[in-house]
Amino acid sequence: KINKVQYFNNPMWPGEAHSLKVENILYQGKSPYQEILVFESSTYGNVLVLDGIVQLTEKDECAYQEMVTHLPLCSIPFPKSVLVVGGGDGGVLREIARHASVETIEICEIDQLVIDVCKDFFPQLSIGFKDPRVQLHVGDAVDFLRNAPEGKYDAIIVDSSDPIGPAQELVEKPFFQTIARALKPGGVLCNQAESMWLHTHLIQDMLSICRETFKGAVHYAWTSVPTYPSGVIGFLLCAKEGPAVNFLSPVNPIEKLEGAMEAGREIRFYNSEVHRAAFVLPTFVRRELESH
Ligand code: AAT
């Protein structure tokens, strides 16, 4: 029986909700940071839910993980040193591993239990942890980046949950400043940036912080993920001052990467045309974002 008050009351999307038919509850637990639930759905495979919010499903995870990874990594010539914030499921690691130029992949995930649960129920994603270039740090990314060496990374991918709970500080200016410091000149950031249908103010705020912080370039891109609220999710692509970065057309196209398709499985969503299309914004979004 659905508790309607609770069901329609998420502050990130008040008055709406999305349902998936549950076949089996596979795991339910609580870490010091969040409630973790994994269930088998009828039509989207296994689903990971944190604090009542869908983080990924086996059917459509490719759209999110491939875009959040390849939009930044295909925009710079030879990414070598990459940091992932969040992403404890391993999906983004799996995608980074397709890039042969990458020498080190660091990941800072706050919740060891997310990592352990995903190893049990999402082997297609947690396979990302098996790459020998991966180095795991379990801890809060805010502290991690505060202490990160200056100019260390070519790319930082923020694959974080919504800004309620442990990811609250990840949308605030001091966090973006530590990211900019940790990037090399001309280094790039790709940050999960919510839905253009639901979060205009949040996106505008993040955009103005990023425009102040990253002098190279700042763009909004988006993609379709049916199981995220409103069915779309956006990304903020930012470049630090230095060698020029043009996000709008990939300089390091995935189609030319040697071995990119051998890393376990095929790319299902991303290609260079999808990359270029992701930056084309509907008229109302263009209007809302250009004045900020
Ligand atoms: N690739 C799956 C998508 C996610 S998972 C987000 C991850 O960020 C979670 O594992 C969570 O534990 C981690 N996280 C949250 N806060 C922090 C923090 N402060 N430091 C490090 N890791 C953190 C995101 C899906 C987006 C859903 C959009 N509605």
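Residues numbered from 1 in each chain as written. Predicted model: local features only at pLDDT ≥ 70, side-chain atom pairs only at ≥ 80, totals over all residues. Heavy atoms only, no water.

Some details on the overall build of the chain
Stage number 1. Check the secondary structure of the chain and you find 10 helices and 11 strands.
Stage number 2. In terms of overall size, the chain behaves like a compact globule, its C-alpha atoms giving a radius of gyration of 18 Å where 292 residues would be expected to give roughly 19 Å.
Stage number 3. With respect to the principal axes defined by its C-alpha atoms, the chain has extents near 55 × 45 × 35 Å.
Stage number 4. For the chain, buried positions account for 54% of its 292 residues.
Stage number 5. For the chain, restricting intrachain contacts to residue pairs at least 6 apart in sequence, the fraction spanning at least 24 positions comes to 69%.
Stage number 6. Looking at charge distribution, the chain has the averaged site of its 25 positive side-chain charges lying 3 Å from that of its 37 negative ones. (Helix = DSSP H or I, 4+ residues; strand = E, 2+ residues; numbered from the N terminus. Rg over C-alpha atoms; globule rule 2.2 N^0.38 Å. Buried < 20%, exposed > 50% of the residue type's maximum accessible area, 1.4 Å probe, protein only. Contact = heavy atoms within 4.5 Å. Lys, Arg positive; Asp, Glu negative; His and termini not counted. Charge placed at Lys NZ, Arg CZ, Asp CG, Glu CD.)

Re the site of the ligand
Stage number 1. Every one of the 28 residues lining the ligand counts as a neighbour, but Q34, D89, E109, D159 and P166 are closest to it.
Stage number 2. A distance of 2.9 Å separates an oxygen atom of the ligand from a polar atom in the side chain of Q34.
Stage number 3. In this structure, a nitrogen atom belonging to the ligand sits 3.0 Å away from a main-chain N or O atom of P166.
Stage number 4. Mapped by element, the contributors of at least two residues to the shell around the ligand are β4 (53-57), α2 (61-73) and β6 (104-109). (Near = heavy atom within 4 Å. Polar contact = N/O pair within 3.5 Å; in protein donor to acceptor, adjacent residues only side chain to side chain.)

Digging into the sheet that holds strand β2 (residues 35-41)
Stage number 1. An order of β1-β2-β3-β4 is seen for the four strands of this open sheet, with the pairing classed as antiparallel. The open sheet has two free edges, formed respectively by β1 (22-30) and β4, since each of these has just one partner strand. Ignoring strand direction, the axes of neighbouring strands in this sheet form an average angle of 25 degrees.
Stage number 2. Judged from the seven bridges that link them, β1 and β2 form a sheet pairing that is antiparallel. Each residue of the ladder has a partner; that of N24, found in β2, is E40. (Pairing = 2+ DSSP bridges. Axes fitted to C-alpha atoms, helices over the stretch in contact; angles between N-to-C directions.)

Re the side chain of T178
Stage number 1. With respect to the helices and strands, T178 occurs in helix α7 (residues 173-182).
Stage number 2. Assessed through its relative accessible area of 15%, T178 is described here as buried.
Stage number 3. Polar side-chain contacts of T178 include one of 2.7 Å to the backbone oxygen of F175.
Stage number 4. The residues touching T178, leaving out its near neighbours within four places in the chain, are L145 and R146.

A closer look at the sheet that holds strand β9 (residues 183-192)
Stage number 1. Judged by pairing direction, the sheet is mixed, and its seven strands sit side by side in the order β7-β6-β5-β8-β9-β11-β10 without closing on themselves. The open sheet is flanked by β7 (134-138) and β10 (217-224), the only strands paired with a single partner. Here the strands of the sheet are splayed against their neighbours by 15 degrees on average, with no regard to which way each runs.
Stage number 2. Two strands pair when backbone bridges link them, and strand β8 (residues 153-159) and β9 are joined in this way by five bridges, in the parallel orientation. Note on β9: the bridge partner recorded for V158 is N191.

Notes on the packing of aromatic side chains
Stage number 1. Scanning the entire structure with this criterion turns up five aromatic pairs.
Stage number 2. Relative to F235, the ring of Y64 has its centre 6.0 Å away and its plane inclined at 35 degrees; by these criteria the two rings are tilted. Taken together, the residues Y64 in helix α2 and F235 in strand β11 (residues 232-239) connect sequence positions 171 residues apart.
Stage number 3. Ring pairing ties together the aromatic residues Y64, Y228 and F235, which thus form one cluster. (Phe/Tyr/Trp six-rings, centres within 6.5 Å; stacked < 30°, edge-to-face > 60°.)

Observations concerning the state of the cysteines
Stage number 1. Scanning the model with the defined rule gives zero disulfides in all.
Stage number 2. For C74, which is in no disulfide, the shortest distance to another cysteine sulfur is to C190 and amounts to 11 Å.
Stage number 3. The class for C74 is buried, based on a relative accessible area of 0%.
Stage number 4. The cysteine C190 is free of any disulfide, with C238 supplying the nearest cysteine sulfur at 8.6 Å. (Disulfide = S-S within 2.5 Å.)

Things to note about the environment of D60
Stage number 1. Along the chain, D60 falls in the loop between β4 and α2.
Stage number 2. Considering only alpha carbons, one finds D60 and V38, 22 residues apart in sequence, at a separation of 15 Å.
Stage number 3. Not counting the four nearest positions on each side in its chain, D60 is found in contact with Y44, V225, P226 and T227.
Stage number 4. Only 2.7 Å separates the side chain of D60 from the side chain of T57, close enough to count as a polar contact.

Points about the nonpolar core
Stage number 1. Within the largest apolar cluster, 40 residues are counted, with the highest numbers of intra-cluster contacts made by L71, I96, F235, L237 and F247.
Stage number 2. Sorting the residues of this core by element identifies α2, β5 (81-86), α3 (91-96), β6, β8, β9, β10 and β11 as the ones contributing at least two each.
Stage number 3. It is α2 that provides the largest number of residues to this core, a total of six residues.
Stage number 4. Contact partners of F247, with chain neighbours within four places excluded, come to S75, V188, A217, H219, L237, C238, A239, H275 and F279.
Stage number 5. Of all hydrophobic cores here, the second largest spans 37 residues; its members include A141, A182, A193 and I209. (Core = buried A, V, L, I, M, F, W, Y, C linked by side-chain atoms within 4.5 Å.)

Note that all results are geometric; they support no functional claim without further evidence.
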